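Per-entry structural report
Residues per chain are reported as follows:
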Amino acid sequence: MALARKIVPRKELEQLGVYSPGKPIEEVQKELGLTSVIKMASNENPFGYSPKAKEAMIKEMEKVNLYPETMAPALAAKLADKFGISKDSFLFGNGSDEIIAFLTRAYIRPGDSAIMADITFPRYETNVLIQGGNPVKVPLQQGTHDLDGMLKEINGKTRMIFVCNPNNPTGTIVEKENLLTFIKQVPSDILIVMDEAYYEYALSNEYLQTIPLLKEHPNLVILRTFSKAYGLAALRIGYGIMDKEVVNELIKVKDPFNTDRIAQAAALASLNDNEFLQLCVARNREGMNYIEGELEKLGLSSFPSEANFLMIHLGRSGKEVFEQLLRKGIIVRSGHVLGYPDSIRVTIGNESENLEFVKALREVMAEK
Ligand SMILES: *Cc1c(COP(=O)(O)O)cnc(C)c1O
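Residues numbered from 1 in each chain as written. Predicted model: local features only at pLDDT ≥ 70, side-chain atom pairs only at ≥ 80, totals over all residues. Heavy atoms only, no water.

**Concerning the environment of Ala 360**
On the secondary structure map, Ala 360 appears in helix α12 (residues 351-367). With sequence-adjacent residues up to four places away left out, Ala 360 is seen in contact with Leu 325, Lys 328 and Ile 330. (Helix = DSSP H or I, 4+ residues; strand = E, 2+ residues; numbered from the N terminus. Contact = heavy atoms within 4.5 Å.)

**As for the UniProt feature "domain: Aminotransferase class I/classII large" (unreviewed entry) in the protein chain**
Under the UniProt annotation, "domain: Aminotransferase class I/classII large" (unreviewed entry) lies at residues 36-361. End C-alpha to end C-alpha, residues 36-361 measures 17 Å, and it is 37% helix and 17% strand. (UniProt positions renumbered as here; feature names shortened; annotations may be inferred.)

**Looking at the UniProt feature "modified residue: N6-(pyridoxal phosphate)lysine" (unreviewed entry) in the protein chain**
UniProt's entry tags Lys 228 with the feature "modified residue: N6-(pyridoxal phosphate)lysine" (unreviewed entry), counted in the numbering of this structure. On the basis of relative accessible area, Lys 228 is assigned to the buried category, the value being 15%. Here Tyr 198 takes part through its side chain, which lies 3.2 Å from a polar atom of the side chain of Lys 228. (Buried < 20%, exposed > 50% of the residue type's maximum accessible area, 1.4 Å probe, protein only. Polar contact = N/O pair within 3.5 Å; in protein donor to acceptor, adjacent residues only side chain to side chain.)

**Concerning the pairing of strand β13 (residues 343-347)**
Within β13, five of the five residues are buried, which leaves it mostly tucked inside the rest of the structure. Pairing of strand β10 (residues 309-313) with β13 involves five bridges; the strand directions are antiparallel. Bridged to Phe 309 within β13 is Thr 347. Pairing geometry for strand β12 (residues 333-334) and β13, over two bridges, is antiparallel. Each residue of the ladder has a partner; that of Ser 334, found in β13, is Ile 344. (Pairing = 2+ DSSP bridges.)

**Here we look at the site of the ligand**
Of all residues adjacent to the ligand, which total 13 residues, the nearest are Tyr 198, Thr 225, Ser 227, Lys 228 and Arg 236. Contact between the ligand and Ser 96: an oxygen atom at 2.6 Å from a main-chain N or O atom of the residue. Note that a nitrogen atom of the ligand is positioned 2.6 Å from one of the side-chain N or O atoms of Asp 195. Within the complex, 94% of the 380 Å² of free accessible area of the ligand lies under protein. Looking at side-chain class alone, the shell around the ligand contains four nonpolar, five polar and four charged residues. (Near = heavy atom within 4 Å. Areas by Shrake-Rupley, 256 points an atom, 1.4 Å probe, with all protein chains shown as cover. Nonpolar A, V, L, I, M, F, W, Y, C, P; charged D, E, K, R; others polar.)

**Concerning a nonpolar patch on the surface**
On the surface, Ile 58, Met 61 and Val 64 cluster together into a nonpolar patch covering about 310 Å² of accessible area. Looking at where Ile 58 falls in the secondary structure, it is placed in helix α2 (residues 51-60). (Patch = residues over 30% accessible without salt bridge, like charges linked within 9 Å, V, L, I, M, F, W, Y side chains within 5 Å. Salt bridge = Lys/Arg side-chain N within 4 Å of Asp/Glu carboxyl O.)

**Focus on the sheet that holds strand β5 (residues 158-164)**
A sheet is described by the order of its strands in space; here seven strands give the open sequence β2-β8-β7-β6-β5-β3-β4, paired in mixed fashion. On the outer flanks of this sheet lie β2 (90-93) and β4 (134-139), each paired with one strand and no other. Across this sheet, the average inter-strand angle for adjacent strands is 25 degrees, counted without regard to direction. Pairing analysis gives four bridges linking strand β6 (residues 191-195) to strand β7 (residues 220-225), with the strands arranged parallel. (Axes fitted to C-alpha atoms, helices over the stretch in contact; angles between N-to-C directions.)

Below is the structure:
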């Protein structure tokens, strides 16, 4: 009898877990026998998406027998015009998640390192590990990136630095002057990856506009997405803005048809509906202010957020509160999976969802 041989995966995969997403609405509903369940867990847009995008998608459906454009030229031209930069500065991904994978694929060699915050968006670490690189994690200070601490970690192995601004899962931004000084101090052969997935929601005067810095800092890569404020999460389309030499390297590791026709058409149409975007941004801020005010009444606090979610500190197990809220039909994200065991992360909902959430949280916090 032949010896049974095991199929051995790459060593790098041994240290990787499997992503555990927020619970889907349907599953919670069935498990708990609830009639209505609201999801405030994945930073999705509670107001849907632009009707113009819907129209564009329906029209584009006629062409799904044809492969999509590989570089989304219409979308690139539109964004180039909007930002006043060259259309060669854009690369589109199946979500901005995919751009992170392109960056690590193209630039991280085994043994290289990438600096990132501890705690931040987990895809940075995962993608660096997949390439056999070493994530170097610098603790947040009061929920905010410690840029000086990150600079101190730079050495000959450093290939890229991730800055998530606003940071997921804390919602905080780094102050304008600090970030500018940081960008100037990072050596020009190290990529600075600015993840701006929540860009549209950030209204603070302290939020740095990074696109004007691209000219002087060709090591800067800015990530944006249509998944959050534009409400197109399921279509999987995001992009990077960067020097065209970096674009040319990333193209080499990209599947030719990585973003589909319907997504490209919807994204383009979304950019023509500033009214919808501004409405979502304004409502988000109103909802966030409302929840923050109610938290104060409950004696609870959260990190100052410029995004569409709040990390709320409970002074007791976030997992327990998550489970109690779940029983009341509200899905949030438990802090224990995000590195804050005494907290929950809540996505700002629409008006009625925010009311329901506050009511349920008040009840849960009174129970114990
Ligand atoms: C949601 C999110 C993304 C990615 O979103 P895509 O849907 O892949 O575009 C990237 N970075 C952060 C910090 C996010 O929260």
